[in-house]
Amino acid sequence: VQLVESGGGLVHPGGSLRLSCAASGFTFSRYFMRWYRQAPGKERELVASISSAGDPTNYADSVKGRFTISRDNAKNTVDLQMNSLKPEDTAMYYCKAQFATITYWGQGTQVTVSS
């Protein structure tokens, strides 16, 4: 089983990034997918979630209207489009797959928003 995040990097405030999480080794289309983030010294927080079928989606209040989660069950990927980025969005971003009590985590990708 693998979840591999990519797409992180350094971006200026107001910029955009698109994170991607590639899944393998399990039946991706059955799993609820979530993006989390963890900033230094802070607890890991839920950013966005998407059901196995792609709808519904949910977002943390801090990212509503700026981030969009999507998935492609044919490609076994879940993406997080992040627009209007702010310095407080700086964190390590992780994807998580969940089906009943089965949970898988990726290793994370760093997002840094700084001028």
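See the structure shown above.
Basis of the calculations
Residues numbered from 1 in each chain as written. Predicted model: local features only at pLDDT ≥ 70, side-chain atom pairs only at ≥ 80, totals over all residues. Heavy atoms only, no water. Pairing = 2+ DSSP bridges. Helix = DSSP H or I, 4+ residues; strand = E, 2+ residues; numbered from the N terminus. Axes fitted to C-alpha atoms, helices over the stretch in contact; angles between N-to-C directions. Phe/Tyr/Trp six-rings, centres within 6.5 Å; stacked < 30°, edge-to-face > 60°. Buried < 20%, exposed > 50% of the residue type's maximum accessible area, 1.4 Å probe, protein only. Lys NZ or Arg CZ within 6 Å of the ring centre and 35° of its normal.

## Description of the pairing of strand β5 (residues 45-50)
Inspection of the sheet shows strand β4 (residues 32-38) paired to β5 by five bridges, in the antiparallel sense. Of the residues in β5, the one forming a bridge with M33 is I50. Adjacent in sequence and paired antiparallel, β4 and β5 are bridged by six residues, among which G41 carries a positive phi angle near 80°. Summarising the sheet, β5 and strand β6 (residues 57-59) pair through three bridges and their orientation is antiparallel. When the sheet's bridge partners are listed, I50 is paired in β6 with T57.

## Examining the sheet that holds strand β8 (residues 77-82)
Read from one edge of the open sheet, four strands run β1-β3-β8-β7, paired in antiparallel fashion. The sheet terminates laterally at β1 (2-6) and β7 (67-72), the two strands that pair on one side only. Across the sheet, the mean angle from the axis of one strand to that of its neighbour is 15°, orientation sign disregarded.

## With respect to the packing of aromatic side chains
Each aromatic ring pair is summarised here by two numbers: the centre-to-centre distance and the angle between the ring planes. Using the criterion set out here, one finds seven aromatic pairs in the structure. Here the aromatic rings of F26 and Y104 are separated by 5.0 Å at their centres, their planes lie at 45°, and the arrangement is tilted. Of this pair, F26 sits in the loop between β3 (17-24) and β4 while Y104 sits in strand β10 (residues 102-105), placing them 78 residues apart in sequence. For F26, a relative accessible area of 13% corresponds to the buried category. On the numbers, 5.5 Å between centres and 40° between planes, the contact of Y31 with F99 is tilted. Note that Y31 is positioned in the loop between β3 and β4 and F99 in strand β9 (residues 91-99), a separation of 68 residues in sequence. The class for F99 is partly exposed, based on a relative accessible area of 36%. By way of ring pairs, the aromatic residues F26, F28, Y31, F99 and Y104 are connected into one cluster. The ring of W105 has R44 lying over it, and the distance from NZ or CZ to the ring centre is 4.6 Å. If you follow R71 out to its NZ or CZ, it ends over the ring of F28, 4.4 Å from the centre.

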